[in-house]
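# Survey of secondary and tertiary structure
For reference, the chains in residue letters:
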Amino acid sequence: MTVAGRLAEIADLGRDAERSGYSRHLFDASDPPLRAWFGSSAEALGLLVEEDDDANLWAWWMPQPGAVRHDAIATGSHLDSVPGGGAFDGPLGVASAFEAVAQLRADGFVPVRPIVVCAFAEEEGSRFGLPCLGTRLLTGAADAASALARADAAGVTLEQAWRDSGRDPERVGPDPERLGRLAAFVELHVEQGRDLEDRGLPVSTASAIIPHGRWRLTITGEGNHAGTTTMDLRADPVVAFAGAVQAVREVAASRMPGARGTIGKAQIIPGGTNVIASRVIAWMDLRAFTDDDVREQYALTLQRMRAAVQAEGCTLDVHEESFSARVDFDDELTARVTAALQPEFGQVPAIPTGAGHDAGILSAVLPTAMIFVRNPTGVSHAPGEDARDGDCEAGARALAATLRMLAGSA
Ligand code: GLV
Ligand code: MN
Ligand code: MN
């Protein structure tokens, strides 16, 4: 098979007719068939499939049947997407992991340590607002009780959704015993910028993930009639929101090149053409090179935002939904991945990324590294996200070489 062929098998799952692209969220209609695809891909390669208590999937290639599962080399990524996302962010890492295993099997390679392919739950945080939900629960980076109390846009709590999916929310939480079986994790991912395209290179490793925070903003004004309320009598939260958006942009732009500020999701309540809204709820994503930079960017943004909101006679309430600290990947593991890639690829740069990954969360508990595959458009989290077939195959070969090196000796 090929990586493209594997991705083609899930190409119809979770398509979003309204937004275009893919909307694949935890426990939605696309989730069971995506898990079934993971299971059948793994079983076709003779891997032993299991789901942990945090809804993460694992497919084990054991050196001998019945061998103890320890010192394993883990690889994989996630199968969920952002709303209206692309086909590669997440699934490329899982499909490439299966393809790498298939190549190693075809070559007659026998691992000395177990290899395990993973698909982690809700990496994007698109349904319950917590990015890398599966790995945060697994490692204890997120408290299970507060995660289960989170609600989606329809008000369904994670606990309820968990139960409705046939799983036991009582079992959710850290699993140090499982993590203790892993020696390293290498995540292959489509590049989410144009760095490799500009350098003319098919693959790289990652040096770091820049930090980011996500906040929910609630701007409250006075709901009223669009025709009878003169302009001087309004406290319109949509006008205040416009000032808030401007504040995010101006502060981030003034702190170039590290700072990035986005409001990509908002609700106007109640949402009528002839109604002055009473409330706007919006979600803000701020990123920068260091954790302190993000905190400072947040403070400056909030100062401007409050001024804009007060000028319109509205109030602002802010809630931090998540903070993902900066990650510098393990130098030693990255050097080994680089050494595995160099015979075929020659120049293998280590590049930083502005996107979050499960490899970042897992880096708190074990050595992690990443392999990026060139994206010709540089677009991600949108249907324009792309990777050429030849580069996807190059990525699978890079991952196979990495697994051969890492799992080929004790
Ligand atoms: C996930 O891809 C993120 O960076 O938000
Ligand atoms: Mn993503
Ligand atoms: Mn991803």
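Residues numbered from 1 in each chain as written. Chains lettered and ligands numbered in written order. Predicted model: local features only at pLDDT ≥ 70, side-chain atom pairs only at ≥ 80, totals over all residues. Heavy atoms only, no water.

### A word on the packing of aromatic side chains
- Inspection of every chain in the model, using the stated rule, returns 8 aromatic pairs.
- Their ring planes at 15° and their centres at 4.5 Å tell us that Trp 215 and Tyr 298 sit as a pair that is stacked. One end of the pair, Trp 215, is in strand β7 (residues 212-220); the other, Tyr 298, is in helix α10 (residues 291-311), with 83 residues separating them in the sequence.
- Joined through ring pairs, the aromatic side chains of Trp 58, Trp 60, Phe 120 and Phe 185 make up one cluster.
- The ring of Phe 323 has Arg 295 sitting right over it, with the charged end atom 3.8 Å from the ring centre. (Phe/Tyr/Trp six-rings, centres within 6.5 Å; stacked < 30°, edge-to-face > 60°. Helix = DSSP H or I, 4+ residues; strand = E, 2+ residues; numbered from the N terminus. Lys NZ or Arg CZ within 6 Å of the ring centre and 35° of its normal.)

### Thoughts on unusual backbone geometry
- Following Met 256, the chain continues to Pro 257 via a peptide bond in cis, the omega torsion being 5°.
- Counting through the fold element by element, Pro 257 comes out in the loop between α9 (237-254) and β9 (260-269).
- Omega for the bond connecting Ile 269 with Pro 270 falls within 30 degrees of zero, at 5°, which places this linkage in the cis form.
- Secondary-structure assignment places Pro 270 in the loop between β9 and β10 (275-276).
- Here the phi dihedral of Glu 122 falls at roughly 50°; this positive angle occurs in a residue that is not glycine.
- The residue Glu 122 is located in the loop between β4 (115-120) and α4 (133-139) in this model.
- Backbone geometry at His 381 places phi at a positive 55°, although glycine is not the residue there.
- Looking at where His 381 falls in the secondary structure, it is placed in the loop between β15 (368-373) and α13 (389-407).

### Examining the coordination of the manganese ion (ligand 2)
- Asp 89 (OD), Glu 124 (OE), Glu 124 (OE) and His 381 (NE2) make up the full set of protein donors to the manganese ion (ligand 2), lying at 2.0 to 2.7 Å.
- Considered as a linear motif, the donors of the manganese ion (ligand 2) on their single chain read D-x34-E-x256-H.
- Here the manganese ion (ligand 2) and the manganese ion (ligand 3) are spaced 3.6 Å apart, linked through Asp 89, which binds each one. A residue pair is termed long-range when its members are at least 10 positions apart, and Asp 89 in the loop between β3 (72-78) and α3 (91-106) and His 381 in the loop between β15 and α13 qualify at 292 residues. (Donors = N, O, S within 2.8 Å, 3.2 Å for Na, K, Ca; no water.)

### Examining the environment of Trp 58
- Here Trp 58 shows up in strand β2 (residues 57-61).
- With a relative accessible area of 0%, Trp 58 lands in the buried category.
- Between the C-alpha atoms of Trp 58 and Gly 227, which are 169 residues apart in sequence, the distance is 59 Å.
- Excluding anything up to four places from it in sequence, Trp 58 contacts Phe 38, Leu 48, Val 49, Glu 50, Asp 52, Val 116, Val 117, Cys 118, Phe 120, Leu 138, Arg 178 and Leu 182.
- Within the structure, Trp 58 has its side chain in polar contact with the side chain of Asp 52 (distance 2.9 Å). (Buried < 20%, exposed > 50% of the residue type's maximum accessible area, 1.4 Å probe, protein only. Contact = heavy atoms within 4.5 Å. Polar contact = N/O pair within 3.5 Å; in protein donor to acceptor, adjacent residues only side chain to side chain.)

### Structural notes on the coordination of the manganese ion (ligand 3)
- Taken together, the protein donors to the manganese ion (ligand 3) comprise His 78 (NE2), Asp 89 (OD) and His 189 (NE2), at separations of 2.0 to 2.2 Å.
- Written as a sequence motif, the donor arrangement for the manganese ion (ligand 3) is H-x10-D-x99-H.

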